[in-house]
Amino acid sequence: MMSRVYNFSAGPAALPEEVLKQAQEEMVDWHGCGMSVMEMSHRGKEFMSIAAQAEADLRELMAVPANYKVLFLQGGASSQFSMVPMNLLRGKSSADYINTGSWSKKAISEAKKYCNVNVVGETPAGQFTVPAADSLQLNADAAYLHYTPNETIQGIEFPYLPESGDVPLVGDFSSTILSRPVDVSKYGVIYAGAQKNIGPAGLTVVIVREDLIGETIAGTPAMFDYQIQSEGESMYNTPPTYGWYLAGLVFQWLKSKGGLAGMAEINQRKSAALYAAIDASDFYNNPVEVNCRSWMNVPFTLADAELDAKFLADAKEAGLVTLKGHRSVGGMRASIYNAMPEAGVQALIDFMADFEKRNG
Ligand SMILES: *Cc1c(COP(=O)(O)O)cnc(C)c1O
């Protein structure tokens, strides 16, 4: 018997059940061609049609302007920590970074291998907020400004779009892409590992403005060159074909849900309900400043950390899994990406109230 749980994993994360079922139906014989997508040549007409449809759907969902390339790469968001400076420095010697948490820090430490990094705004240690827009010390000669719109581990998200003027803005959208509409034209580069809100791990989506590609630093591997990847239509080498296909199914699913405006409404409702339940209780606490609370990753602690193990065990019993917080933060974390249905969030809220009643 198939039995699905509500999976609150931060990543790899839950995928829409409808998508998994469609993939299952198409697994052995895709559209009558007698083979699985995994077994196809990436240059054959079947996979080319899958790839082109996925790109067209993503462009439509995100309203990607024509002067942007959409790349379907490998290496995860972590490879972009290197690819961004390698491609975007373009003769400059420094880049601006905003440091709001664990993923910003990793991006910064990688960029330091290639350029001077100016940390132009920072979340103070132990705080759960982002620096105020007017406090950012931006440099006009920076090659780009990099930030993390949603810090997956801390559960902090930017309530504003950093204004970088003529300096290209780069966003690590790994845990927030497709959660709501974004004005792509404000960005030089948007990138995201797929395993949170796009599809399975192994695929990385990069959206890059055309005028920013074509000038890499010496020694840049071909695989890390946006120009080469773009000219090869993300097929310089064998792309992650199955991940690309599944991402395409997710894009179609999103379109059927009213696109990103539709998802934004649902995500707003889901997160508001969960935060309201946490705030209404003295038993649970979320440390994040209210205007910076993530729609996607909701960390919370129990008043008595001794109860953490019981909470996790009882939750699992109730079909609610992967709620353990990141080891660097502790407590719990509920990741409620697009694929988490409202019923799943409600089930968590009901469980939390019941657990509090029994243990509070
Ligand atoms: C998960 C995550 C990463 C790392 O992604 P990989 O694909 O594992 O390299 C980077 N940035 C953010 C914001 C993330 O959530």
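Residue numbers run consecutively from 1 along every chain, following the written order of its sequence. Local features are withheld for residues below a pLDDT of 70 in this predicted model, meaning they are given only at 70 or higher, and side-chain atom pairs are given and counted only at 80 or more; totals for whole chains, interfaces and linings count all residues. The basis for every side-chain value is the complete set of non-hydrogen atoms in the structure, without hydrogens or water.

Enquirer: Whenever I open this one, the pattern of salt bridges confuses me. Can you help?
Expert: Should the charged atoms of two oppositely charged side chains come close, the side chains can pair. In what follows, salt bridge is the name for a side-chain nitrogen of Lys or Arg lying within 4 Å of a carboxyl oxygen of Asp or Glu. With the rule as written, the count across this model stands at 16 salt bridges. Among the salt bridges present, the one from Lys 255 reaches Asp 57, with a minimum N-O distance of 2.8 Å. In this pair, Lys 255 is assigned in helix α6 (residues 241-256) and Asp 57 in helix α2 (residues 45-62), connecting sequence segments 198 residues apart. Looking at Asp 57, the relative accessible area reads 2%, which means it is buried. Through salt bridges with shared partners, a single network forms among Lys 310, Asp 314, Asp 354 and Arg 358. Helix and strand labels come from DSSP, where a helix needs a run of H or I of at least four residues and a strand needs a run of E of at least two; each type is numbered from the N terminus. Remark: exposure states derive from per-residue accessible area (1.4 Å probe, protein chains only) relative to the maximum for the residue type, with buried under 20%, exposed over 50%, and partly exposed in between.

Enquirer: Just to check I follow, could you spell out empty space enclosed by the protein for this structure?
Expert: Picture a little ball the size of a water molecule; that probe, rolled over the atoms, points out where space is still empty. Note on definitions: the grid is 1 Å and covers protein atoms alone; a cavity is a set of points where a 1.4 Å probe fits but cannot get out; a pocket is an open set with protein on both sides within 12 Å along at least five of seven lines; lining residues have an atom within 4 Å of a point. Grid points are joined across faces, edges and corners, and a volume is the space filled by probe spheres set on the points. In total, this model carries two cavities of 30 Å³ or more according to the counting rule given. Here the largest cavity defines a volume of roughly 70 Å³. Considering the residues around the largest cavity, the lining is formed by Ala 14, Leu 15, Pro 16, Lys 196, Asn 197, Ile 198, Gly 199, Val 250, Trp 253, Leu 254, Asn 338 and Ala 339. Nonpolar residues are Ala, Val, Leu, Ile, Met, Phe, Trp, Tyr, Cys and Pro. Charged residues are Asp, Glu, Lys and Arg, and all others, Gly as well, are polar. The class makeup of the residues in the lining of the largest cavity is eight nonpolar, three polar and one charged. When its volume is computed, the second largest cavity comes out at roughly 40 Å³. Taken together, Phe 72, Leu 73, Gln 74, Met 223, Gln 229, Ser 234, Asn 237, Thr 238 and Pro 239 make up the lining of the second largest cavity.

Enquirer: Explain the environment of Ile 198 to me, please; I cannot follow it from the model alone.
Expert: The topology assignment puts Ile 198 in the loop between β9 (189-193) and β10 (204-209). Put simply, Ile 198 and Ala 13 are 185 residues apart on the chain and 9.5 Å apart in space, counted from C-alpha to C-alpha. We call two residues contacting when some pair of their heavy atoms lies within 4.5 Å. Beyond its immediate chain neighbours, meaning those up to four positions away, Ile 198 contacts Ile 177, Leu 178, Ala 192, Gly 193, Leu 203, Val 205, Ala 247, Val 250 and Phe 251.

Enquirer: Sorry, what's going on with the pairing of β9 here?
Expert: Two faces belong to every sheet, and in a regular strand the side chains alternate between them. Here β9 lies mainly inside the structure; five of its five residues are buried. Here β9 shows two buried faces, one formed by Val 189, Tyr 191 and Gly 193 and the other by Ile 190 and Ala 192. The pairing criterion for strands is at least two bridges between them, as found by DSSP. As judged from the three bridges shared by strand β8 (residues 169-172) and β9, these two strands associate in the parallel manner. In the sheet register, Asp 172 faces β9, and the bridge partner there is Tyr 191. Bridge analysis of β9 against β10 gives five bridges, and the strand direction is antiparallel. Its bridge partner lying in β10, Ala 192 is registered against Val 205.

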